[in-house]
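So the chains spell out like this:
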Amino acid sequence: MDEFDLVDGIEEQFIAEGHAQGIEEGRRLGYAEGNDLGEVKGYEIGSEVGFYYGCYLLWNSMLQQDASSLPPRAAKSIESLGQRIRGYELVNSLDERIHQELQLIRAKFKVVTALLGQPTLVFNEQNVLDHKNMSF
């Protein structure tokens, strides 16, 4: 074995070590990026579902106190909205059903707001942030 074979062997060893280190660093960075993205998306979805749930609680309370305060057809739609929201699972999943269920909640919310004569009541993330950062 001559010196050139040794140099060639060392080069291949360093390439293999660099490759292994690159894969490990890629996994670490991918995990961190995925965690950050999940946190942001979770906040967005949670804020939206929370807004719908808050509206549902208000409308349901109005129905409990005075059922005649809201249109009769709205009561059934409000309860249906509540069932959808309560059935919505806020879990980390790659399943497309999460997005489909959120679309159904949005659609039911639009139906309720139309029945209540409030079509301009919509979820707006900027409004949520403005209220969150409000000070007195």
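As named in an unreviewed UniProt entry, the chain is Essential protein Yae1 N-terminal domain-containing protein, taken from Achlya hypogyna. Quoted verbatim from the Sequence similarities (unreviewed entry) field of UniProt, the annotation for the chain is "Belongs to the LTO1 family."

Chemist: Looking at this model, I keep getting lost on the packing of helix α2 (residues 72-87) against helix α3 (residues 97-115). Mind explaining?
Modeler: Geometrically, a packed helix pair is captured by the angle between its two axes and the distance between the axes. In contact at an axis separation of 9 Å, α2 and α3 are set at 160 degrees when each is read in the N-to-C sense. What the angle tells us is that α2 and α3 run roughly antiparallel. In the crossing of α2 with α3, the sense of the turn from one axis to the other is left-handed. In this structure, α2 contributes Arg73, Ala74, Ser77, Ile78, Ser80, Leu81, Arg84 and Ile85 to the contact, and α3 contributes Glu101, Leu104, Ile105, Lys108, Phe109, Val111, Val112 and Leu115. The residue inventory of the contact of α2 with α3, partitioned by class, reads 10 nonpolar, 2 polar and 4 charged.

Chemist: I keep staring at the pattern of salt bridges and nothing clicks. Help me out?
Modeler: Any two side chains of opposite charge can pair, on the condition that their charged atoms come close. Per the stated rule, a full pass over the model turns up 5 salt bridges. Here Arg28 and Glu25 are joined by a salt bridge, their closest N and O atoms 2.5 Å apart. Note that Arg28 and Glu25 are positioned in helix α1 (residues 3-65) at a spacing of 3 residues, about one turn of the helix. Across the pair Glu44 and Lys41 runs a salt bridge, and its minimum N-O distance is 3.3 Å. You can see Glu44 and its partner Lys41 sitting in helix α1, 3 residues apart, about one turn around the helix. Accessibility expressed as a relative area gives 43% for Lys41, which makes it partly exposed.

Chemist: Looking at this structure, I do not really get the UniProt feature "domain: Essential protein Yae1 N-terminal" (unreviewed entry) in the chain. What am I missing?
Modeler: As annotated by UniProt and renumbered to match this structure, "domain: Essential protein Yae1 N-terminal" (unreviewed entry) occupies residues 18-55. Helix makes up 100% of residues 18-55 and strand 0%, and the two end C-alpha atoms of the span are 55 Å apart.

Chemist: Please clarify how the nonpolar core should be interpreted in this entry.
Modeler: Core analysis: the largest hydrophobic core is formed by 20 residues, its most contacted members being Trp59, Ile78, Leu81, Ile85 and Tyr88. Elements with a minimum of two residues in this core: α1, α2 and α3. Tallying contributions element by element places α1 first for this core, with 7 residues. Leave out the neighbours within four places in its chain, and Tyr88 touches Ile45, Val49, Ile98, Glu101, Leu102 and Ile105.

Calculation rules
Residues numbered from 1 in each chain as written. Predicted model: local features only at pLDDT ≥ 70, side-chain atom pairs only at ≥ 80, totals over all residues. Heavy atoms only, no water. UniProt positions renumbered as here; feature names shortened; annotations may be inferred. Axes fitted to C-alpha atoms, helices over the stretch in contact; angles between N-to-C directions. Helix = DSSP H or I, 4+ residues; strand = E, 2+ residues; numbered from the N terminus. Parallel < 35°, antiparallel > 145°, perpendicular 65-115°, else oblique. Left-handed = near helix turned anticlockwise from the far one by under 90°. Contact = heavy atoms within 4.5 Å. Nonpolar A, V, L, I, M, F, W, Y, C, P; charged D, E, K, R; others polar. Salt bridge = Lys/Arg side-chain N within 4 Å of Asp/Glu carboxyl O. Buried < 20%, exposed > 50% of the residue type's maximum accessible area, 1.4 Å probe, protein only. Core = buried A, V, L, I, M, F, W, Y, C linked by side-chain atoms within 4.5 Å.

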